[in-house]
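# Summary of structural features
Single-letter residue listing:
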Amino acid sequence: MLPTGTLVVALVLGSALLVAALCVVARAVMGPTILDRVVALDVLVVVLVASFGLYAVLTDTTTALPVLVVLSLVGFVGSVSVARFAAKESR
Amino acid sequence: MTAAAALAAVGGAAAEERVVGPVGAVLDVLALVCVGAGVALALVAALGMLRLPDVLTRLHAGAKPQTLGVVLVAIGVALDVRTATAVGISTLVVVIQLVTAPVAAHMVGRAAYRTGKVRRDLLLVDELSRLEGHDEPEGGLPDGCVRVPGGAAAVDDGRTDDDRPADGSTSPVR
């Protein structure tokens, strides 16, 4: 069990991340263009990285850290390939 | 000794030297402050996603936490966990993000411009259209956009036609 102060910080930062994720998912659902969705999902990746970082800080463990590397790489490849696809689609 | 064993030995040694006591407590608080700042940046970017009107402005809001926010979170993790493994992985994440995030944002912005998904009534200056020699992106104006009299590309930039090269080329650099 976490100490009380740490628990309060965890709750505050965790709920901020939850609100952020909900906003981003709302934009990804609303669109209106595919590029809006790509930008929103990029920010969702940032929210996920922040969540795993918060988890690592609160628990003092390194088990979540490789996930950060994978998320960074996958987010880049995804947005670049969708951007290329959108550019080709219009011609 | 294999490379993996050497890495594990280094990590183990660093773990044993992990700073505790007053200095460790200060580092823990600094780590939480860094992660909190990163979370705040992510929240602001998410609000920008909802509130801002078109792709380019949302890209502008979203690109900031992709670099600064992730850097802050990685610094926080490195300050808190304080092992060689954690510091190395955090550095790797920061380097990857600093290299890839601007490239991805640039490609998304270019695709948005070329496919006509830019709200041209919100633009003050459009230097790309002069550069590429046409007033509208190839896909035409997006739905709901009206043509502004004079056009966004005709914004007065302080130069007259006499200032421009005679061959019709215009430099986007001022």
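Residues numbered from 1 in each chain as written. Chains lettered and ligands numbered in written order. Predicted model: local features only at pLDDT ≥ 70, side-chain atom pairs only at ≥ 80, totals over all residues.

- Taking an unreviewed UniProt entry as the reference, chain A is identified by name as Multisubunit sodium/proton antiporter MrpF subunit belonging to Pseudokineococcus lusitanus.
- The Subcellular location (unreviewed entry) comment attached to chain A in UniProt states, word for word, "Cell membrane". (UniProt positions renumbered as here; feature names shortened; annotations may be inferred.)

### A short note on the packing of helix H1 (residues 4–30) of chain A against helix H2 (residues 22–51) of chain B
- Relative orientation of the contacting elements H1 of chain A and H2 of chain B amounts to 25°, with a least axis distance of 8 Å. When the axes of H1 of chain A and H2 of chain B are compared, the pair comes out roughly parallel. For the pair H1 of chain A and H2 of chain B, the sense of crossing is left-handed. Between H1 of chain A, through Val 9, Leu 13, Ala 16, Leu 17, Val 19, Ala 20, Cys 23, Val 24, Ala 26 and Arg 27 of chain A, and H2 of chain B, the contact on the second element is made entirely by Leu 32, Val 35, Gly 36, Val 39, Ala 42, Leu 43, Ala 46, Leu 47, Met 49 and Leu 50 of chain B.
- Considered class by class, the residues forming the contact of H1 of chain A with H2 of chain B number 18 nonpolar, 1 polar and 1 charged. (Axes fitted to C-alpha atoms, helices over the stretch in contact; angles between N-to-C directions. Helix = DSSP H or I, 4+ residues; strand = E, 2+ residues; numbered from the N terminus. Parallel < 35°, antiparallel > 145°, perpendicular 65-115°, else oblique. Left-handed = near helix turned anticlockwise from the far one by under 90°. Contact = placed C-beta atoms within 7 Å. Nonpolar A, V, L, I, M, F, W, Y, C, P; charged D, E, K, R; others polar.)

### So, unusual backbone geometry
- Look at Asp 60 of chain A: it is not a glycine, yet its phi comes out positive at around 55°.
- Tracing the backbone through its elements, the reader meets Asp 60 of chain A in the loop between helix H2 (34–59) and helix H3 (65–89).
- Accessibility expressed as a C-beta count within 10 Å gives 14 for Asp 60 of chain A, which makes it partly exposed.
- Even without being glycine, Arg 82 of chain B reaches a positive phi, approximately 55°.
- If you trace the backbone, Arg 82 of chain B turns up in the loop between helix H3 (55–81) and helix H4 (84–114).
- With 20 C-beta atoms counted inside 10 Å, the residue Arg 82 of chain B sits in the buried group. (Buried ≥ 20, exposed ≤ 12 C-beta atoms within 10 Å, placed from the backbone.)

### A short note on the UniProt feature "transmembrane region" (unreviewed entry) in chain A
Residues and elements named next belong to chain A.
- In this structure's numbering, the residues bearing the UniProt feature "transmembrane region" (unreviewed entry) are residues 6–26, 38–58 and 64–87.
- Overall, residues 6–26 shows 100% helix and 0% strand. The separation of its end C-alpha atoms is 30 Å.
- The span residues 38–58 is 100% helix and 0% strand, and its two end C-alpha atoms sit 30 Å from each other.

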